[in-house]
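Residues per chain are reported as follows:
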Amino acid sequence: PVHLLRQWEKSFPSLKPKRNRANRRYYTPSDISIITRIKQLVRTEKMTLQGAARRLSQELLGEGAPQTNEETLDIIDTIEAHARHALTKLDDYPDN
């Protein structure tokens, strides 16, 4: 709905559609991908507009969620190493 797009344009600084000579909004493919992501954050993940705006901003700046499968695997490897370290510490702990 049009009213929802206008609300999102106000709430999300990264959503700035271009305008043609008749002052009508023109959505680029980049705008459409941002709109799709906003919809996912708000409707599927049940985030508030403020929370979704913060998350989208982080994502567009390359922060927050991993951007590639390689980054995801690196994070998983780090978590696994920490878990193994914690298990080693627990094994060394004397039983009472």
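Since we're looking at a predicted model, the values are computed, not measured.

**A short note on helix α3 (residues 49-60)**
Part 1 of the reasoning: In this model, α3 (twelve residues) spans 16 Å end to end at C-alpha, consistent with the 16 Å of a helix rising 1.5 Å per residue.
Part 2 of the reasoning: Among the residues of α3, Gly51, Ala52, Ala53, Leu56 and Glu59 are the ones counted as buried.
Part 3 of the reasoning: On its buried side, α3 packs onto α1 (2-11) and α2 (29-44).

**Examining the pattern of salt bridges**
Part 1 of the reasoning: Evaluated as defined, the whole model comprises six salt bridges.
Part 2 of the reasoning: With a shortest N-O distance of 2.5 Å, Arg37 and Glu59 are connected by a salt bridge. Within this pair, whereas Arg37 is found in helix α2, its partner Glu59 is found in helix α3, the two being separated by 22 residues in sequence. There is no split in this pair, since Arg37 and Glu59 are both buried.

**Quick look at unusual backbone geometry**
Part 1 of the reasoning: Of note, Asn23 is a non-glycine position whose phi angle comes to about 70°, a positive value.
Part 2 of the reasoning: Positionally, Asn23 belongs in the loop between β1 (18-19) and β2 (25-26).
Part 3 of the reasoning: The class for Asn23 is partly exposed, based on a relative accessible area of 49%.
Part 4 of the reasoning: Of note in the backbone geometry, Lys46 takes a positive phi value of approximately 60° without being a glycine.
Part 5 of the reasoning: Take Lys46: it is sitting in the loop between α2 and α3.
Part 6 of the reasoning: Since its relative accessible area comes to 67%, Lys46 is described here as exposed.

**So, a negative patch on the surface**
Part 1 of the reasoning: Side chains of Glu70, Glu71, Asp74 and Asp77 sit close together on the surface and give a patch of like negative charge.
Part 2 of the reasoning: Examined against the element boundaries, Asp77 turns out to sit in helix α4 (residues 69-92).

Scoring rules and cut-offs
- Residues numbered from 1 in each chain as written.
- Predicted model: local features only at pLDDT ≥ 70, side-chain atom pairs only at ≥ 80, totals over all residues.
- Heavy atoms only, no water.
- Helix = DSSP H or I, 4+ residues; strand = E, 2+ residues; numbered from the N terminus.
- Expected span 1.5 Å × (residues − 1).
- Buried < 20%, exposed > 50% of the residue type's maximum accessible area, 1.4 Å probe, protein only.
- Contact = heavy atoms within 4.5 Å.
- Salt bridge = Lys/Arg side-chain N within 4 Å of Asp/Glu carboxyl O.
- Patch = residues over 30% accessible without salt bridge, like charges linked within 9 Å, V, L, I, M, F, W, Y side chains within 5 Å.
- Areas by Shrake-Rupley, 256 points an atom, 1.4 Å probe, with all protein chains shown as cover.
- Lys, Arg positive; Asp, Glu negative; His and termini not counted.
- Charge placed at Lys NZ, Arg CZ, Asp CG, Glu CD.

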